[in-house]
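Each chain, letter by letter, is given below.
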Amino acid sequence: MGLFTGKKGLVFGIANDHSIAWAITQKLHQEGAEMGFTHLPDKDPTRAKMEHRVRKLVEPLGAKLLTPCDVQKDEDIDRVFAQAKEALGGLDFVLHSIAYAPIDDLKGPVYNVSRAGFGLSMDISVYSLLAVTKRAREALNPGGSILTLTYLGGETVIPGYNVMGICKAALESSVTYLAHELGPAGLRVNALSAGPLKTLSSSAVGDFDVMLKLYPAMSPLRRNVTAEEVGKTGMYLLSDLASGVTGEVLHVDAGFHVMGAPPADAKL
Ligand code: 0WD
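Residues numbered from 1 in each chain as written. Predicted model: local features only at pLDDT ≥ 70, side-chain atom pairs only at ≥ 80, totals over all residues. Heavy atoms only, no water.

A. Quick peek at the site of the ligand. Of all residues adjacent to the ligand, which total 27 residues, the nearest are Ser 19, Ile 20, Leu 197, Thr 199 and Ser 201. Within the backbone of Cys 69, a nitrogen or oxygen atom sits 3.5 Å from a nitrogen atom of the ligand. Against a free-state accessible area of 860 Å², the protein chains account for coverage of 92% of the ligand. Classifying every residue of the shell around the ligand by side-chain character gives 17 nonpolar, eight polar and two charged. (Near = heavy atom within 4 Å. Polar contact = N/O pair within 3.5 Å; in protein donor to acceptor, adjacent residues only side chain to side chain. Areas by Shrake-Rupley, 256 points an atom, 1.4 Å probe, with all protein chains shown as cover. Nonpolar A, V, L, I, M, F, W, Y, C, P; charged D, E, K, R; others polar.)

See below:
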């Protein structure tokens, strides 16, 4: 029997097989979870690339639902939760693994970010967690858990992370307020702060390759993390093993976040 045998959940944010949401999904599946998934709506429905890419991944896992969702649209989020209720019944977990900033705004400097770009980045990367949680509150069984993904650039300055760092700071603060609000109902809300992994989103972040080299040089474990490590800790936070954990930002980054200066042996 797995940790998730008989448990059901909804996953937002698989774009392809490099997505962090996919790494976590695989661990949830290994532990027996039944899941529904959303994908970014395809602009041209006659060439459903997004849907096709995600379908290829989740169908072999016995996906109970695969449906488009643009988190900028309340009606999309409402529909997804209604469909999930029909396909899965009550939920035990919701994974939110979504972020976006327009490339021109992401490039920085942050004092140059456009008003529209700032609003869009915050809407997709932060407000979406509030909007998803609003619906998840009703859908989750007691003991249910919500998890979002964040990065160290929300706590300290990571050059190149720019407006997304500001979004992550707001996201992490949102996690604490949501944990406070949902806790009395027995529901948990946490964030996993992952080390840098090559994905569609991270390829847009300036200086990303610099970060990939810094982790082996600077982190206490002298290496970067793997997608599998992020996957299994994500699964842990969504599971009953973490039943006493809420409002937390858990770093899965080989310890990089505790360092304030390079170790003596660092070759930089
Ligand atoms: O190094 C990394 N890759 C790290 C990522 C380190 C630490 C944290 N993270 C975070 C990201 O900031 C994000 O919150 O992990 C989360 C997942 O990111 P990912 O797995 O690195 O990237 P990706 O595979 O691109 O998934 C993010 C997805 C989108 O992908 P694309 O590339 O198509 O934008 O977020 C989804 C979409 O599937 N997404 C949306 N979903 C619904 N509505 C929307 C939207 N409007 N916009 C983006």
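Moving on, there is more to tell.
B. Looking closely at the nonpolar core. Residues Leu 10, Phe 12, Phe 81, Val 94 and Ile 146 are the most contacted members of the largest nonpolar core, which totals 46 residues. Where this core is concerned, the elements lending two or more residues are strand S1 (8-12), helix H3 (74-88), strand S4 (91-96), helix H5 (115-139), strand S5 (140-150), helix H6 (162-182), strand S6 (188-194) and helix H7 (208-218). The element best represented in this core is H6, accounting for nine residues. The contacts of Ile 146, once residues within four sequence positions are left out, are Val 94, Leu 129, Thr 133, Ala 136, Leu 140, Leu 182, Arg 188, Val 189, Asn 190 and Leu 238. Leu 57, Leu 147, Leu 237 and Leu 238 belong to the second largest nonpolar core, which has 31 residues in total. (Core = buried A, V, L, I, M, F, W, Y, C linked by side-chain atoms within 4.5 Å. Buried < 20%, exposed > 50% of the residue type's maximum accessible area, 1.4 Å probe, protein only. Helix = DSSP H or I, 4+ residues; strand = E, 2+ residues; numbered from the N terminus. Contact = heavy atoms within 4.5 Å.)

C. Structural view of the packing of aromatic side chains. Per the counting criterion, the structure on display carries four aromatic pairs. Where Phe 4 meets Phe 93, the ring centres are 5.4 Å apart and the plane angle is 85°; that geometry is what we call edge-to-face. Within this pair, whereas Phe 4 is found in the segment before S1, its partner Phe 93 is found in strand S4, the two being separated by 89 residues in sequence. The buried category is assigned to Phe 4, whose relative accessible area is 1%. Judged by relative accessible area, Phe 93 falls into the buried class, the value being 0%. Judged by centre distance (3.9 Å) and plane angle (10°), the ring pair of Tyr 215 and Phe 256 falls under stacked. On the criterion of sequence distance, the pair formed by Tyr 215 in helix H7 and Phe 256 in the segment after strand S7 (249-252) is long-range, its members being 41 residues apart. (Phe/Tyr/Trp six-rings, centres within 6.5 Å; stacked < 30°, edge-to-face > 60°.)

D. Geometry of the packing of helix H1 (residues 20-30) against helix H8 (residues 227-238). Axis separation between H1 and H8 bottoms out at 7 Å; the angle between their running directions is 60°. Viewed along their axes, H1 and H8 adopt a mutual orientation that is oblique. Of the two elements, H1 crosses H8, and the hand of that crossing is right-handed. Residues Ile 20, Ala 23, Ile 24, Lys 27 and Leu 28 of H1 pack against Ala 227, Glu 228, Val 230, Gly 231, Lys 232, Gly 234, Met 235 and Leu 238 of H8. (Axes fitted to C-alpha atoms, helices over the stretch in contact; angles between N-to-C directions. Parallel < 35°, antiparallel > 145°, perpendicular 65-115°, else oblique. Left-handed = near helix turned anticlockwise from the far one by under 90°.)

E. Local environment of a nonpolar patch on the surface. There is a patch of nonpolar side chains on the surface, built from Val 110, Phe 118 and Ile 166 and spanning about 220 Å² of accessible area. You can see Phe 118 is positioned in helix H5. Look at Phe 118 and you get partly exposed, because its relative accessible area is 34%. (Patch = residues over 30% accessible without salt bridge, like charges linked within 9 Å, V, L, I, M, F, W, Y side chains within 5 Å. Salt bridge = Lys/Arg side-chain N within 4 Å of Asp/Glu carboxyl O.)

Remember that the coordinates give geometry; whether it matters functionally is a separate question.
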